[in-house]
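Observations on the model geometry
Here's the letter readout for the chains.
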Amino acid sequence: MSTQDLRGLHVRVDRLGSRRESWGRRVSVHGWWLAPLFVVPFFSDMIPGSGDDPAATLAVEDTARIVGADLPLHVNERVEKWMDRFQTTHRPEFARILASSGIYDGMIREKLRARGMPEELVYLAMMESGLSPWAVSQVSAVGMWQFMSPTAIEYGLRVDEYVDERRDPVRATDAALDYLQWLHGRFGSWYLAAAAYNAGPSRVQRILRLHAGGRSGDEDLYWEVLDHLPAETREYVPRIVAATILAEDADHFGFAASGAEPYLFDRVFVPGKTRLYTIAEVLGIHVRVLRELNPHLTKQVTPPDEIYGVRVPVGLSPQVVTSLATGTGLRETAESQGLVNGATRETARRVLRAGPLLVRGWTATSDRVPPTAGGSAVGLRGRSPLGPTFLLGPG
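A brief structural summary.

**A few points about the overall build of the chain**
Helix and strand content of the chain: 17 helices and 7 strands. For the chain, the residues scored as buried account for 54% of the 395 residues in total. Of the contacts made within the chain by residues no fewer than 6 positions apart, 69% connect residues no fewer than 24 positions apart. As presented, the chain carries roughly 16600 Å² of accessible surface, and 51% of it is formed by carbon and sulfur atoms.

**A few points about the pairing of strand β4 (residues 308–312)**
Side chains on a regular strand alternate between the two faces of the sheet. Buried residues dominate β4, accounting for 5 of its 5 residues. Alternating positions in β4 separate into two faces, Tyr 308, Val 310 and Val 312 on one and Gly 309 and Arg 311 on the other, with burial throughout. Note: strand β3 (residues 266–270) against β4, 5 bridges, orientation antiparallel. Following the sheet pairing, Val 268 is matched in β4 by Val 310.

**Structural notes on the environment of Pro 201**
Turning to its location among the elements, Pro 201 is positioned in helix α10 (residues 201–211). Apart from the residues within four sequence positions on either side, Pro 201 is in contact with Tyr 179, Trp 182, Leu 183, Arg 186, Phe 187 and Ala 196.

**Considerations on the environment of Ala 152**
Inspection of the secondary structure assignment puts Ala 152 in helix α7 (residues 149–154). Along the primary structure Ala 152 and Arg 166 are separated by 14 residues, whereas in three dimensions their C-alpha atoms are 6.8 Å apart. Beyond its immediate chain neighbours, meaning those up to four positions away, Ala 152 contacts Phe 147, Leu 157, Val 159 and Arg 166.

**Some points on the environment of Ser 100**
For Ser 100, the location among the structural elements is in helix α4 (residues 91–100). Residue class for Ser 100 comes out buried when judged on its relative accessible area of 3%. Taking the C-alpha atoms as reference points, Ser 100 and Glu 261, separated by 161 residues in sequence, lie 8.6 Å from one another.

What counts as what
- Residues numbered from 1 in each chain as written.
- Predicted model: local features only at pLDDT ≥ 70, side-chain atom pairs only at ≥ 80, totals over all residues.
- Heavy atoms only, no water.
- Helix = DSSP H or I, 4+ residues; strand = E, 2+ residues; numbered from the N terminus.
- Buried < 20%, exposed > 50% of the residue type's maximum accessible area, 1.4 Å probe, protein only.
- Contact = heavy atoms within 4.5 Å.
- Areas by Shrake-Rupley, 256 points an atom, 1.4 Å probe, with all protein chains shown as cover.
- Pairing = 2+ DSSP bridges.

Below is the structure:
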C-alpha cells in the first residue's frame, strides 16, 4: 500500500485533526502495575446486535492491505468503522486499555517472537479481555485469553478449587499461543485462526466447506465467508485489525503510549495453604500487590498438600526465604496453624529447616516443586524466565 494510500486512510478515519505524515513508525510500550481494567461496557457493544452495518459488507477487492506487519492488516469499511469507534464512542475505554497495555504487552510479544508468530496477535487478547486476567464473559470464559474450562484443561491449564490458570498471565498466554498455532496449522490463515478462536474450529471448518469449497490457506477467505460467520465473529477480525493500526501508531491518533511497568516477579516456593496476606506481612507490602501478581490463586492461599510457587515483587524473595529458614514469619505461621498435614508434614518440616543453596542454570516450568537430582537436599535459587526463583527444598 502506497504512502499516499496510507495518508488517505488517515484523512478518512482520523477525527483528531492531526496531520502527521509518518505512519510506519511503531510505538514502543512497556510497563505494568495498574488495578484490573474496566472491560465489560466497552466490549458489550462488540457482541451480536451491537450495530452491524449492512453497508460494511465487503468484497475482497474492496480491501486494501498494509504491508510491513507480520499479521496481514487488511483495511476496509468494517475495519475503518472500528477505527472510528475506537476514536469516538469507545475512545475513553480504548485509551484506558492502551494506557495499561504495557503490563503484559512485552511478555506476550516476547513469547510470540520466540514462536515466530505475528506480534500483532497481542491485540487478539486486547479484544478478548482488555488484557485483564480478571475478565469473565457472560458464558464463563475466564482470563486474558478467555478460555472456557474444557479448552483450558485440554491445553494443560490447571483449573481447580485453589488455582485457575486461565487467570495466570504467563500460563494462559502459553496455552493460548499453543491453541492459535494449532488453529493456524489447520486453516493456514491467521484471520481464520482468529475467527476459529472466537467461534470454534468446527464451525469455521463447516462454513469453509459450505461456502468456500473447503479451501483454506488464504487470508482473503475470511472476507469471502464473512457474512456466513456468527455475528460476533464478523466483527472480531476487523476489531483486531483496527486496534492494531491505532495502537501501533498511537501517537499519531492522539493516544498515549503505556507508561505501566511490566509484569515481572520473583518466585518463592512456600508450604501449602500459605495465605498471600501472611506473605504480604512478611514483606511489608499491601496484599493487593500479591493478588495482582498471582491472579490465578483464586482463594488468595496456596493449594494444600503441596509446596507451591508464589510470585512476589522483584528483589523481595530473599525476605521470604529468610523468614522460612530462620523460624520467623512464614515458618511460625506454617507450624503454629498446622498448614501441612498427613504425609506432607515431615517433608514440610524438612523444607522449613533447609538452608539455601545456590543452583545455577535451572529454568522454572511449573509453580510446583521441581524434581531434584538424586533427591538430594535442595534449597534452590535459580532463574525463571521472568525472574529469580527461590526454594527451600526437602532434605
